[in-house]
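Residues per chain are reported as follows:
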Amino acid sequence: TVDDTYMARVKQVVDVAIAAGLYVVIDVHNDGGANVDGMWLDITKTGTEFNNIKNKFSDLWTDIAVNFADYDQKLIFEGFNELNNGNYNTAPTTEQLSNVNTLNNTFVEAVRNAGGKNTDRVLIVAGYNTNIDYTVSGFAKPNDTASDRLMLSVHYYEPDDFALNENGTDEWDEDTETIEAQFKKISDFAKNKNMTVFIGEYGAIDKNNDDYRVAYIGNLNEIASSYNIVTAYWDNGFTSVYGFGLFDRITNSVTQSGQLLINAINGSYQ
């Protein structure tokens, strides 16, 4: 079960956000990610060890879902974030892909069984590491007692040399064809499963290169919109070089760069 004080803080933030007219996503963030202290959601485990993990995961989501059972559809749950085998650069095994699918089923079942408005709440599920290619090759849609209430989550930080690598290029090569191809791939895949796509994270770190970041983010959102894909920019709170931040948490204000990126997200970057 979640610590009462921690759960109360999560509720406080959710309430403030919903009161401001926002939709909110609660996720279990990186409990099964690479380089995380105390990582326990381990898809490399097998047999009894993995079964114990699955049961713990079910209990966790039951606790969360019961606490938010009365919240309306402005609140969405996402089972996990960037679930991988502990290494971003190591391909998953068939068994690890299967374990991801098992945990997705566990998540959906636990939430639905928690009752209240969870019985038809929109739930976000993801493939291995929220990677488009691994999702297309290894994701299986969970069983669900509700109809058409599952979204498929992927993340997009490509090209890595521009978007993530601090030692990489600060210039975007304006390769919209790759973005188009990847978004079409995941859109077609999801459509065949009667699901919609949610890009739960995307962005490009600050390298004092706002012009390139604005062009990249603007084009990405324009392409996403053409496929009816919902996007959520990754604002990690860091507004200095190599950060993703749009908002200064100290002054409670949008930064100069942040405003340019928000304009790009809203389609006014040209």
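Attention in this report is confined to the structure presented alongside it. No experiment lies behind these values; they were computed from the predicted model shown.

Describing the pairing of strand S5 (residues 196–202)
Within S5, 6 of the 7 residues are buried, which leaves the element mostly enclosed by the surrounding structure. Two strands pair when backbone bridges link them, and strand S4 (residues 150–156) and S5 are joined in this way by 6 bridges, in the parallel orientation. Bridging from a neighbouring strand, Val 154 pairs with Ile 199 of S5. Alignment of S5 against strand S6 (residues 230–231), held across 2 bridges, turns out to be parallel. Note that in S6 the partner of Ile 199 across the bridge is Thr 231. Between the parallel pair S5 and S6, the chain is carried across by helix H7 (residues 210–226), and the sense of this crossover is right-handed.

A look at helix H3 (residues 94–113)
Here H3 is 20 residues long and its end C-alpha atoms lie 29 Å apart, about the 28 Å a rise of 1.5 Å per residue gives. In the segment just after H3, Gly 115 is the residue with positive phi, at about 75°.

Considerations on the pattern of salt bridges
Inspection of every chain in the model, using the stated rule, returns 6 salt bridges. We note a salt bridge from Lys 185 to Asp 133, for which the minimum N-O separation is 2.6 Å. Pair noted here: Lys 185 is in helix H6 (residues 176–192) and Asp 133 is in helix H4 (residues 132–138), with a separation of 52 residues, a long-range link. Among the residues examined, Asp 133 registers a relative accessible area of 37% and is labelled partly exposed.

Some remarks on the side chain of Asn 81
You can see Asn 81 is positioned in the loop between strand S2 (75–78) and H3. Beyond its immediate chain neighbours, meaning those up to four positions away, Asn 81 contacts Asp 27, Val 28, His 29, Asn 30, His 155 and Glu 201.

Considerations on the sheet that holds S6
Strand order in the open sheet formed by 6 strands is S1-S2-S3-S4-S5-S6, and the pairing between neighbours is parallel. Strand pairing shows two members of the sheet lacking a second neighbour, strand S1 (24–27) and S6, which therefore form its edges. In this structure, strand S3 (residues 123–126) lies alongside S4, joined through 4 bridges in parallel fashion. If you follow Ala 126 over to S4, its bridge partner there is Ser 153. Contacting S2, S3 and S4, H3 runs over the sheet at an angle of about 170° to S3.

Brief notes about the pairing of S4
Along S4, 7 of the 7 residues are buried, which leaves the element largely enclosed by surrounding structure. Judged by which residues are buried, S4 turns out to be covered on both faces: Leu 150, Leu 152, Val 154 and Tyr 156 on one side and Met 151, Ser 153 and His 155 on the other are all buried. What joins S3 to S4 is H4, and the crossover it makes is right-handed.

Reading the values: rules and limits
- Residues numbered from 1 in each chain as written.
- Predicted model: local features only at pLDDT ≥ 70, side-chain atom pairs only at ≥ 80, totals over all residues.
- Heavy atoms only, no water.
- Buried < 20%, exposed > 50% of the residue type's maximum accessible area, 1.4 Å probe, protein only.
- Helix = DSSP H or I, 4+ residues; strand = E, 2+ residues; numbered from the N terminus.
- Pairing = 2+ DSSP bridges.
- Right-handed = clockwise from strand over helix to strand, strands pointing away.
- Expected span 1.5 Å × (residues − 1).
- Salt bridge = Lys/Arg side-chain N within 4 Å of Asp/Glu carboxyl O.
- Contact = heavy atoms within 4.5 Å.
- Axes fitted to C-alpha atoms, helices over the stretch in contact; angles between N-to-C directions.

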